[in-house]
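Overview (structure and organization)
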Amino acid sequence: MTENYAEYTAPGVETEDAHRVTEILQLRLHALNDLHLTLKHAHWNVVGPEFISVHEMLDPQVDEVRGWADLVAERIATLGVSPKGTPGAIVTGRDWEDYPLDRASSLAHISALNEVYTGVIKDFRTAIAESGKVDPISEDILVEVTRGLELFQWFLRSFITKADGSLNPVTE
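First, a word on scope: everything that follows refers to the structure included in this document. Sequence order as written defines residue numbering, which begins from 1 separately in each chain. Residues qualify for local features only when their pLDDT is at least 70, as the model is predicted, and side-chain atom pairs are given and counted only at 80 or more; totals for whole chains, interfaces and linings, by contrast, use all residues. Side-chain numbers here rest on the full set of heavy atoms in the structure, without hydrogens or water.

Another point: the side chain of H19. Here H19 shows up in helix α1 (residues 15-45). Setting aside anything within four residues of it in sequence, one finds H19 in contact with Y5 and V81. Strands are runs of DSSP state E lasting at least two residues, helices are runs of H or I lasting at least four, and both sets are numbered from the N terminus onward. Pairs of residues are marked as contacts when any of their non-hydrogen atoms sit within 4.5 Å.

As a rule, the C-alpha atoms of each element are fitted with a line to give its axis, helices using only the stretch in contact, and angles between N-to-C directions run from 0 to 180 degrees. At their nearest, the axes of helix α2 (residues 51-78) and helix α4 (residues 106-131) sit 10 Å apart, and the two run at 30 degrees to each other. In this view, α2 runs roughly parallel relative to α4, as classed from their interaxial angle. In the packing of α2 onto α4, the handedness of the crossing is left-handed. In this structure, α2 contributes F51, V54, L58 and Q61 to the contact, and α4 contributes S106, I110, L113 and Y117. Residues of the contact of α2 with α4, tallied by class, amount to six nonpolar, two polar and no charged. Reported orientations rely on four angle classes, namely roughly parallel under 35 degrees, roughly antiparallel over 145, roughly perpendicular from 65 to 115, and oblique for the rest. Handedness of a crossing follows from how the near helix is turned relative to the far one, being left-handed for an anticlockwise turn of less than a right angle and right-handed for a clockwise one. Three residue categories are used. Nonpolar comprises Ala, Val, Leu, Ile, Met, Phe, Trp, Tyr, Cys and Pro, charged comprises Asp, Glu, Lys and Arg, and polar comprises the others, including Gly.

Listed below in structure tokens is the structure:
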């Protein structure tokens, strides 16, 4: 038995299926841990006329994303696998680039965070499709998280959406 695997999984889930689902969930856990750190980084580095509204909008997102990370990690553990949440595990387990901005305007951060959310949401939708084949409980958790991620992206997009509905990202 591999050291990260318990002798059990959730009742009704085959061990092999549980291990596959936990691999999917682990990648989403890395994404959520990375996202909450990225959101906090943007929160600290946002400047400009919209500073206070963006600064205050990001903290609840950080808190909610942290909660979702806990939910996903607990599902991994429920399926009998040890979740990995160390900084090193995040860095070695991810396949995306680090957030590109430090101090920048509110709109530049919002535009960059919009791109981050797009990537995270696309990967969550893929994870929903894959996990749903064998574990509807994990699928349900991923759907719940994705619903929230899409809502937060909409909040951000409202800052960079023109009246005609097109996005006007800022890249300064």
